[in-house]
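Summary of structural features
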Amino acid sequence: MRTGEKLQRRTGDARIRAACVALLGALGCQGGNASGGATAGSATPAGSAAPAAARSAAPAAVGSASASGAASAQAKAAEAHAISLTSEDVVKVMNPKRQAPYSGPTGTLRGRVTIKGDPPPDTGLSFPIGKCGEAAATYGRLFRVGQQNAVADALVTVVNYSGYVPERDEAEKVTIHGCAFSKRTVVMSYGQRLEVANLDPLESYMPNLEGAPFMAVLVAVPQGDPVKFFPPQAGYYELVDKMPKPFLKAGVFVLKFATHDVTGLDGKFEIKGIPVGKVLTAALLPAIDQDVKKEIEIKEGDNTLDFELNFDLKKYNEKPHTMPSP
């Protein structure tokens, strides 16, 4: 098997799920340390506890987001079963002790995630010529590296603080342009909805959140309204395109706490509203199954912390990257 084909296979669902489930088990349970939630290691793969009404619905593919009255009715039915930040099921997971939102002194954590070692190898993927100008830059290599070794798409989390920190935004937003998602790693809190908007002037896409129930597959029309998804539980999902463009993917982490961020090409992250005191931080790059954890003390105001990952291509190729699908 050629190197490109081997790397392409190792960027499949099973390898990414291994990293994701490991992270969710170790860090996806803030409630277990401060809010009375699940204990570490108890994360459940997404899609196994969807609401019964959504599970029983038969999916239907639709020509466009407003193609027919039936499609519109199905979309409205899907939203009728949707969860939100105030849903009882969400509150039980995110704030099981029914604590008031933390109102004490807080700090903001900023920093960069960088990577040293071997450069990211080519994935061996092929991309349409012309209309998919951003796809090769986004998915052409195992992971994305910016200037001064900054690494994109790294998930940064903060846990083990005292108190309940609610999510501020109702939606996590992702865009599509040039056959590429705006990020390869998406992080959101349980109860948020995921909105996927198409910025292209001509090209259409059919995004779908694998692992979540759906009643209709809607097209993200050029510069139209975003397609909305409602993850039914905390866990790991995958955002894909059903047109299909098999390379167009993003890992979606739905966590049980609101203190998280994902790095851009500059490697920078920012997490606000962290209660002061000792916390556990971590930076994970799902593409290489690698994370770095650090314990620090958050002080009121601004705090700075950088992470450095290391990529060894030989060790990566020798390491098994498989896990049974959930």
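What comes next concerns the included structure.

1. Topic: the packing of aromatic side chains
The description of an aromatic ring pair rests on the distance of the ring centres and on the angle between the ring planes. On inspection of all chains with the given rule, the structure shows six aromatic pairs. Their ring planes at 50° and their centres at 6.0 Å tell us that Phe269 and Phe307 sit as a pair that is tilted. With a gap of 38 residues between them, Phe269 in strand S11 (residues 268-275) and Phe307 in strand S15 (residues 307-311) connect regions that are remote in the sequence. Take Phe269 and Phe307: they sit in the same class, and that class is buried. What links up through ring pairs into an aromatic cluster is the set Phe127, Tyr139 and Phe247. Taking the ring centre of Phe307 as reference, the NZ or CZ of Lys294 above it sits at 5.3 Å.

2. Some details on the pattern of salt bridges
Here the structure, examined in full by the defined rule, presents 14 salt bridges. The residue Asp302 makes a salt bridge to Arg110 at a minimum N-O spacing of 2.7 Å. Here Asp302, found in strand S14 (residues 301-304), pairs with Arg110, found in strand S1 (residues 106-117); they are 192 residues apart in sequence, far enough to count as distant. Judged by relative accessible area, which is 32%, Arg110 ranks as partly exposed.

3. Topic: the sheet that holds strand S8 (residues 235-241)
Pairing within the open sheet is mixed, and its four strands lie in the order S4-S9-S8-S6. In this open sheet, the two strands that pair with only one neighbour each are strand S4 (185-189) and strand S6 (207-210). Adjacent strand axes in the sheet meet at a mean angle of 25° when their direction is disregarded. As defined by bridge partners, S4 adjoins strand S9 (residues 249-255) across five bridges and the pair is classed as parallel. Residue pairing in the sheet places Thr185 in a bridge with Gly251 of S9.

4. Remarks on the environment of Asn310
Of note, Asn310 is situated in strand S15. Between the alpha carbons of Asn310 and Ile115 there is a distance of 5.4 Å; along the sequence they are 195 residues apart. The residues touching Asn310, leaving out its near neighbours within four places in the chain, are Ile115, Lys116, Gly117 and Gln290.

Conventions we followed
- Residues numbered from 1 in each chain as written.
- Predicted model: local features only at pLDDT ≥ 70, side-chain atom pairs only at ≥ 80, totals over all residues.
- Heavy atoms only, no water.
- Phe/Tyr/Trp six-rings, centres within 6.5 Å; stacked < 30°, edge-to-face > 60°.
- Helix = DSSP H or I, 4+ residues; strand = E, 2+ residues; numbered from the N terminus.
- Buried < 20%, exposed > 50% of the residue type's maximum accessible area, 1.4 Å probe, protein only.
- Lys NZ or Arg CZ within 6 Å of the ring centre and 35° of its normal.
- Salt bridge = Lys/Arg side-chain N within 4 Å of Asp/Glu carboxyl O.
- Pairing = 2+ DSSP bridges.
- Axes fitted to C-alpha atoms, helices over the stretch in contact; angles between N-to-C directions.
- Contact = heavy atoms within 4.5 Å.

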